[in-house]
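Fold and contact review
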Amino acid sequence: MFESLQPMPADAILGLIVEHRNDPRPEKIDLGVGVYRDASGQTPVPDTVKQAEKRLLATQSSKAYIGTAGDALFNASMQALTFDAAAPDDRLITIQTPGGSGSLRVAAGIVLRAKENPTVWVSTPTWANHEPLLGGAGMTLKEYPYYDRHGHVIQIDAMLETLRAAPKGDLVLFHACCHNPSGLDPSVEQWRAITDVLLERELVPFIDLAYQGFAKNLDDDAFAIRHMASHLPEMIVTSSCSKNFGLYRDRVGTLSVLVASAATVPILASQLSHYVRTLYSMPPDHGAAIVSIILNDDDLRAQWIGEVSEMRDRIHDMRALLSDALKAKAPDHDFSHLLRANGMFCFLGVTAEQVARLKKDYGIYMVDSSRINVAGITAENVDYLASSIAAVL
Ligand SMILES: Cc1ncc(COP(=O)(O)O)c(C=O)c1O
């Protein structure tokens, strides 16, 4: 039967990883893959994760099944981290999911159970996996303008205009912070204006929170979620612990759904439980148990907040370093937009041909759109990177 299958096109970023790995040039730089890297180029296991893992090994007495919604303490702790006290507890439900991706997929599935032919509006551009995760589940995707590639700013007026014309009841996907791929996030005033349009047009926000703590701090990065949760009747939030806890391969995340009436909560809970059972039965436990230990221990939690700040500061410093180096090496070109971005990603703002030359002539790897992962920059490689970029401009 499998002879009928046709090969799928290779994933662009995974292909880039392989090309970079096989490149013998010692000066090569990987700005493609979306993981945090420290000053030595490693993606470290945070110290708090190591400590919590040790504690878990010493105290865990069973690995019996945990249930479709995962661990209740983990869910409550993540819900508090995300919403603080902004959403009414009696209208909010949170379940543990296999990462942010698993959460997006469950969210799509449950929306499809609740609504016929649902449409979700996504930013142009958006994270490359939103389309396969949401569209693959059966949702219709439409686009709203977001990133102005020439001015390197958010097209807020065009975005609001598009949303004002969207049919009542449609969903709108936002990145809570550190927009992937552009790095540009709405300001507090812009989030307020967006919320007003959602309220006026009866649109449902669907917020992807994959980088809490990587833009400003844990609370400010959740502003959009908390503001919308206190002003709108319904919302969906998918969160990921891959980046801020460094738990990428352990697959840790949550799905939170705010509903209009408390009476809907037990019904939605039973639907989510049933849906998860048909998909993967139960989420993996190990990483979530680690997160739960960290968030519920005052010392570990304080240390973890410090670790997140350290990652955020390093990303910020590397962005500034690259911007300064480009100012020196390519003074006729404006790269000031690099400094306006949050989180690991932004567009360098060069053409696909220049991206290809950077790879071929200099061993510098990034996706064709010129999205770069700033965490791939170090104090040692920034000079070579800026000289190479200047050479292809
Ligand atoms: C915007 C965005 N959403 C969600 C995710 C999901 O991450 P994970 O499935 O590893 O939790 C990512 C990861 O790169 C992302 O960039």
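Keep in mind that this is a model prediction, so the values were computed, not measured.

Re the environment of D298
- Within the secondary structure layout, D298 lies in helix α11 (residues 298-329).
- Residues D298 and L272, spaced 26 residues apart in sequence, show a C-alpha to C-alpha distance of 32 Å.

Considerations on the packing of helix α6 (residues 156-164) against helix α7 (residues 188-201)
- Look at α6 against α7: their axes get within 9 Å of each other, and the N-to-C directions meet at 15°. Between α6 and α7, the crossing angle belongs to the class labelled roughly parallel. For the crossing formed where α6 meets α7, the hand is right-handed. Where α6 abuts α7, its residues I156, M159, L160, L163 and R164 lie against Q190, A193, I194, V197, E200 and R201.
- Its residues assigned to classes, the contact of α6 with α7 comprises 7 nonpolar, 1 polar and 3 charged.

Some remarks on the packing of helix α12 (residues 352-362) against helix α13 (residues 382-392)
- At their nearest, the axes of α12 and α13 sit 10 Å apart, and the two run at 125° to each other. It follows that α12 is oblique to α13 by the angle criterion. Seen along the crossing, α12 lies across α13 with a hand that is right-handed. On α13, the residues that touch Q354, R357, L358 and Y362 of α12 are Y384, S388, I389, A391 and V392.
- Of the residues in the contact of α12 with α13, the class split is 6 nonpolar, 2 polar and 1 charged.

Details of the site of the ligand
- Around the ligand, the neighbouring residues are G99, G100, S101, W127, N180, D208, A210, Y211, S240, S242, K243 and R251.
- Measuring from an oxygen atom of the ligand, one finds a side-chain N or O atom of Y211 at 2.7 Å.
- About the coverage of the ligand: the protein hides 90% of its 400 Å² of free accessible area.
- Ranked by the residues each element gives to the shell around the ligand, the list is headed by helix α4 (residues 99-114), at 3 residues.
- Looking at the shell around the ligand residue by residue, the classes come out as 3 nonpolar, 6 polar and 3 charged.

Describing the domain arrangement of the protein
- Domain annotation of the protein identifies domain 1 (2-45 + 303-392) and domain 2 (65-296).
- If you average the C-alpha positions of domain 1 and of domain 2, the two centres end up 27 Å apart.
- Summing the contributions of domain 1 and of domain 2, the shared interface buries around 2100 Å²; its carbon and sulfur component is 64%.
- Contact with domain 2 buries area across many residues of domain 1, yet W304, N342 and F347 alone supply 35% of it, more than any other trio.
- Run the count over domain 1 and domain 2 and you get 0 salt bridges.

Here's the deal with the pattern of salt bridges
- On inspection of all chains with the given rule, the structure shows 9 salt bridges.
- Among the ionic pairs, R357 bridges to D361, the shortest N-O distance being 3.5 Å. With a gap of 4 residues between them, R357 and D361 both fall in helix α12, about one helical turn apart.
- Owing to a relative accessible area of 35%, D361 belongs among the partly exposed residues under this scheme.
- Via salt bridges that share partners, R357, K360 and D361 belong to a single interconnected network.

Some words on unusual backbone geometry
- Omega for the bond connecting T124 with P125 falls within 30 degrees of zero, at 0°, which places this linkage in the cis form.
- Note on placement: P125 falls in the loop between β3 (119-124) and α5 (130-135).
- Phi at H152 is positive, roughly 55°, even though this residue is not glycine.
- Mapped onto the elements, H152 comes out in the loop between β5 (147-148) and β6 (153-154).

Brief notes about the environment of D148
- Looking at the element boundaries, D148 is found in strand β5.
- What makes D148 partly exposed here is its relative accessible area of 23%.
- If sequence neighbours within four positions are ignored, D148 has contacts with V153 and Q155.
- Within the local environment of D148, its side chain forms a polar contact with the backbone nitrogen of G151, the two atoms lying 3.0 Å apart.

Analysis parameters
- The residue numbers shown here count from 1 along each chain, following its written sequence.
- Selection of residues for local features in this predicted model requires a pLDDT of at least 70, selection of side-chain atom pairs for listing and counting requires 80 or more, and totals for whole chains, interfaces and linings are taken over all residues.
- Excluding hydrogens and water, the side-chain values take into account all heavy atoms of the structure.
- To qualify as a helix, a DSSP run of H or I must reach at least 4 residues; to qualify as a strand, a run of E must reach at least 2; elements of each kind are numbered from the N terminus.
- Note on geometry: axes are C-alpha line fits, over the in-contact stretch for helices, and angles between N-to-C directions span 0 to 180 degrees.
- For classification, angles of less than 35 degrees are called roughly parallel, those exceeding 145 degrees roughly antiparallel, those between 65 and 115 degrees roughly perpendicular, and all remaining angles oblique.
- In this scheme, a crossing is called left-handed if the near helix is turned counterclockwise away from the far one by less than a right angle; it is called right-handed if the turn is clockwise.
- Throughout, a residue-residue contact means that at least one pair of heavy atoms, one from each residue, lies within 4.5 Å.
- When residues are grouped by polarity, Ala, Val, Leu, Ile, Met, Phe, Trp, Tyr, Cys and Pro land in nonpolar, Asp, Glu, Lys and Arg in charged, and all others, Gly among them, in polar.
- Whether a residue is near a molecule or strand depends on its heavy atoms: it is near if one of them lies within 4 Å of it.
- As used in this structure description, the phrase polar contact means that two N or O atoms lie within 3.5 Å; if the pair is within protein, one of them must be able to donate a hydrogen and the other to accept it, and residues adjacent in sequence are counted only when both atoms belong to side chains.
- Here, Shrake-Rupley sampling with a 1.4 Å probe gives the accessible areas, and only protein chains in the shown set may cover a residue.
- Domain start and end points were adopted from an automatic or database domain assignment.
- A 1.4 Å probe defines the accessible area here, and the buried area is the portion of it lost by two parts on being joined, summed over both.
- Salt bridge, as used here, is a side-chain nitrogen of Lys or Arg placed within 4 Å of a carboxyl oxygen of Asp or Glu.
- Note on classification: 1.4 Å probe, protein chains only; a residue is buried when its accessible area is under 20% of the maximum for its type, exposed when over 50%, partly exposed between these limits.

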